[in-house]
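Structure at a glance
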Amino acid sequence: MTSGQTTGDAERDSGLRQTAARTAGSAAAALAQLVGGLGTAFLALPVLLCVAFTAAASLVGAGLLLAPATLRALHALAARERARLARWGPEPAAPDDPPTRLRPALADPTTRRELRWLVRHATSGLLLGLCGLVLPVAAVRDISFPLWWRLVPADATSTSLGVGTAESWPDALAVVLLGLGWAAVVLGLTPGMARLQANPGRRLLTAGPEADLSLRVAELAATRAAALDAHATELRRIERSLHDGAQNRLVTVTVLLGAARRMASGDPAGADELLERAQSAAEQALAELRSVARGILPPVLADRGLAGALAGLAADCAVPCRIDVDVPERCAASVEATAYFAVAEGLTNVAKHSGAHQAVVTVRSSGGRLRLRVEDDGRGGAEAALHGGASGAGGGSGLTGIRRRIAAHDGDFSLSSPLGGPTTLEVELPCGS
Amino acid sequence: MRIVMAEDDPLLREGLALLLRAESMDVVATAGTAEEALAAIDAHEPDVAVLDVRMPPTHTDEGIVAAVEARRRRPGLAVLVLSAYVEQTFATELLTSGVAGLGYLLKERVGRVEEFMDALRRVAGGGTAIDPEVVAQLFTSSRDSRLERLSPREGDVLALMAEGMGNAAIAERLVVTEGAVHKHIRSIFAKLDLSPTDRVDRRVAAVLRYLEGVRRLA
């Protein structure tokens, strides 16, 4: 029983630890977000003043000259905020470039939405950002208060609220309580505050409802075109590997057989050698057919799922490779096939070009997205190959194909491979079909 | 017979060279690309150029383009084009430059060594060698209504004529007498409105008649 209880305690302990770590983590992220927002809010304030000044000056005519510069500043700031928001969540779909001339700008919905955002961000956004900066400082100051309050002059020992002065140990301990309160506020409220600060931007800086739809249509059309393109490329690849690969092998077989037959009566030894070559050409044809069929849809995926299939790839890889797959459910077959080929291409490049001692493949799924990462400790430089070799048959062409395939699934592909290494290939795919 | 051969697949290139040399042909140069082939043709002035259709860089019609170019540089050069599959646009592109000394065969025909050597010699001698598959496709897609008047047997004979065969060879292939072949050919000329008074080679004219139809299609 005791041991059972101990296990229960340990579980509860680890559960508590996890909750604590999560809370602290999200508070830290929220603080970083708030302070980041403070940056753009500090910029928003002068821009807001400029806008106000330009508007006022426009009444007497002089502001008309200032309008383009002011509008440009507004758009630049809005773009900066969009980029910042993209780092902390889904990227706000940027509307088309808004006008910088006064008359069209007055009628432009994007500009109006940006102005509404500007007012909010320069005021409440700024305040929330300041809170994000001041709260943790206050918490640290007050909690550590007993450690240093005797060392500073008496008039500097006021509480962080600025009310009352600590003059005795009980006072100091009360300040610690206040500090703990600040810490609780930081842990409990900052995520909400960060959302509050980001909200106007997320709502107003995306393209408006009327523009939104056309953008989405354009996006979908592009994705669909990419899908068709990838499909056509895929068919062309299959056709080519059949005609130039397997078929050429078979033609070689018939040529060698034909020659062998002509030689059979006069030179049996020579004929036998030709037959030997014909046989090996036939075997190569079979191998090519297998690889073409496998390239269309690897049977191992259907049999063993993504984890099993990737383990097979790792076992075949010349470089020692660790596979870490944690994907609870199956994804669409085409997505799994794409993931499989991305890893296969990644590992092929690791084995061929990187000179690495080991590679790690990590696959995770969350929020309906499948994330894969192939890392090695090799010499890097694959980015250059990707850009330089896109048209040739070099190491890059395989990756180019993979990238197209991923784009067809509306996925993301990124390759980081500085000279000297290491190389990291990251792929993100939507799990659905 | 001096031959320049271009084929991008190294194994097949080696196999072809081996077969041709075993047939005591003089393979003076082999090439892996159309450019190399053209350079080799300029350098060696062969009797025949044997060209693969699909070669680097695009693996589409490099061999056809090279054949047309080689014949532009050296009119009358005999060229035998080998193709992985029958593509009419290739055939018509090739044949618009004239049918003399031209061949267009499916790759696998090479394995029937005797027939292949026949075709090669015919092309080198200024004749024609068109793959039966090509001829069949040309037939089905031809829009010349006069061709529809031909009986199936006459169609076969015309097809073999288009492949570049003489009467004796046609008789042998169809297992009939040469006299029967003569009769069929006269009937073909009549149905295609080729009168004996015309000052043209009616044989070539008959073949051209449906190649024309395809050319109009293309």
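Each value, and the rule that gives it
Residues numbered from 1 in each chain as written. Chains lettered and ligands numbered in written order. Predicted model: local features only at pLDDT ≥ 70, side-chain atom pairs only at ≥ 80, totals over all residues. Buried ≥ 20, exposed ≤ 12 C-beta atoms within 10 Å, placed from the backbone. Helix = DSSP H or I, 4+ residues; strand = E, 2+ residues; numbered from the N terminus. Pairing = 2+ DSSP bridges. Right-handed = clockwise from strand over helix to strand, strands pointing away. Axes fitted to C-alpha atoms, helices over the stretch in contact; angles between N-to-C directions. Contact = placed C-beta atoms within 7 Å. pLDDT = per-residue confidence, 0-100. UniProt positions renumbered as here; feature names shortened; annotations may be inferred. Nonpolar A, V, L, I, M, F, W, Y, C, P; charged D, E, K, R; others polar. Parallel < 35°, antiparallel > 145°, perpendicular 65-115°, else oblique. Left-handed = near helix turned anticlockwise from the far one by under 90°.

**Section: the pairing of strand β1 (residues 2–6) of chain B**
Residue and element names in this part refer to chain B. Within β1, four of the five residues are buried, which leaves it mostly tucked inside the rest of the structure. Alignment of β1 against strand β2 (residues 26–31), held across five bridges, turns out to be parallel. Looking across to β2, one finds that Val 4 is bridged to Ala 29. What joins β1 to β2 is helix α1 (residues 10–22), and the crossover it makes is right-handed.

**Examining the sheet that holds strand β6 (residues 128–130) of chain B**
All names here are of chain B. The parallel open sheet is built from six strands, whose spatial order is β2-β1-β3-β4-β5-β6. Whereas interior strands pair on both sides, the edge strands pair on one side only; in this sheet they are β2 and β6. Averaged over all pairs of adjacent strands, the angle between strand axes in this sheet comes to 20 degrees, irrespective of strand direction. As judged from the five bridges shared by strand β4 (residues 78–83) and strand β5 (residues 102–106), these two strands associate in the parallel manner. Its bridge partner lying in β5, Leu 82 is registered against Leu 105. Docked against the sheet, α1 engages β1 and β2, running at close to 170 degrees with respect to β2.

**Concerning the pairing of strand β4 (residues 412–416) of chain A**
All names here are of chain A. Examined bridge by bridge, β4 and strand β5 (residues 423–430) share five bridges and lie antiparallel to one another. Looking at the pairing, Phe 413 lines up with Val 427 of β5. Adjacent in sequence and paired antiparallel, β4 and β5 are bridged by six residues, among which Gly 420 carries a positive phi angle near 95 degrees.

**So, the environment of B:Gly125**
Residues and elements named next belong to chain B. Tracing the backbone through its elements, the reader meets Gly 125 in the loop between α5 (113–124) and β6. Its 14 C-beta neighbours within 10 Å are what place Gly 125 among the partly exposed residues. For Gly 125 and Val 48, which are 77 residues apart along the polypeptide, the C-alpha to C-alpha distance reads 9.3 Å.

**Digging into the confidence of the model for chain B**
Fine structural detail should not be taken from predicted coordinates in areas where pLDDT scores are low. When pLDDT is averaged along chain B, the result is 85, and 89% of the positions lie at 70 or above. Here the complex is predicted with pTM 0.52, and the ipTM for its interfaces comes to 0.73.

**Digging into the sheet that holds strand β2 (residues 359–366) of chain A**
All names here are of chain A. Taken in spatial order, the five strands line up as β1-β2-β3-β5-β4 in an open sheet, and their pairing is mixed. The open sheet has two edge strands, β1 (321–326) and β4, and neither has a second partner. For this sheet, the mean angle separating the axes of adjacent strands, direction not counted, is 10 degrees. Where strand β3 (residues 369–376) and β5 come together, eight bridges link them in antiparallel fashion. Along β5, the bridge assignment pairs Arg 373 with Glu 426. Packed onto the sheet, helix α9 (residues 299–316) meets β1 and β2 and runs at close to 175 degrees relative to β1.

**Here we look at the UniProt feature "transmembrane region" (unreviewed entry) in chain A**
Residues and elements named next belong to chain A. UniProt's entry tags residues 41–67, 122–140 and 172–194 with the feature "transmembrane region" (unreviewed entry), counted in the numbering of this structure. Within the segment residues 122–140, helix and strand shares are 100% and 0% respectively, and the terminal C-alpha atoms sit 27 Å apart. Structurally, residues 172–194 is divided into 100% helix and 0% strand, and its ends, taken at the C-alpha atoms, are 31 Å apart.

**Section: the interface of chain B and chain A**
The interface of chain B with chain A comprises 18 residues on the first partner and 16 residues on the second. The element contributing the most residues to the side of chain B that touches chain A is α1(B), with seven residues. A breakdown of the residues in the side of chain B that touches chain A according to their chemical character gives ten nonpolar, three polar and five charged.

**With respect to the packing of helix α8 (residues 152–162) of chain B against helix α9 (residues 167–174) of chain B**
Residues and elements named next belong to chain B. Their axes nearest at 10 Å, the elements α8 and α9 cross at an angle of 130 degrees. Of the possible angle classes, the one that applies to α8 and α9 is oblique. Where α8 crosses over α9, the handedness of that crossing is right-handed. Here Asp 156, Val 157, Leu 160 and Met 161 of α8 lie close against α9, whose contacting residues are Ile 170, Arg 173 and Leu 174.

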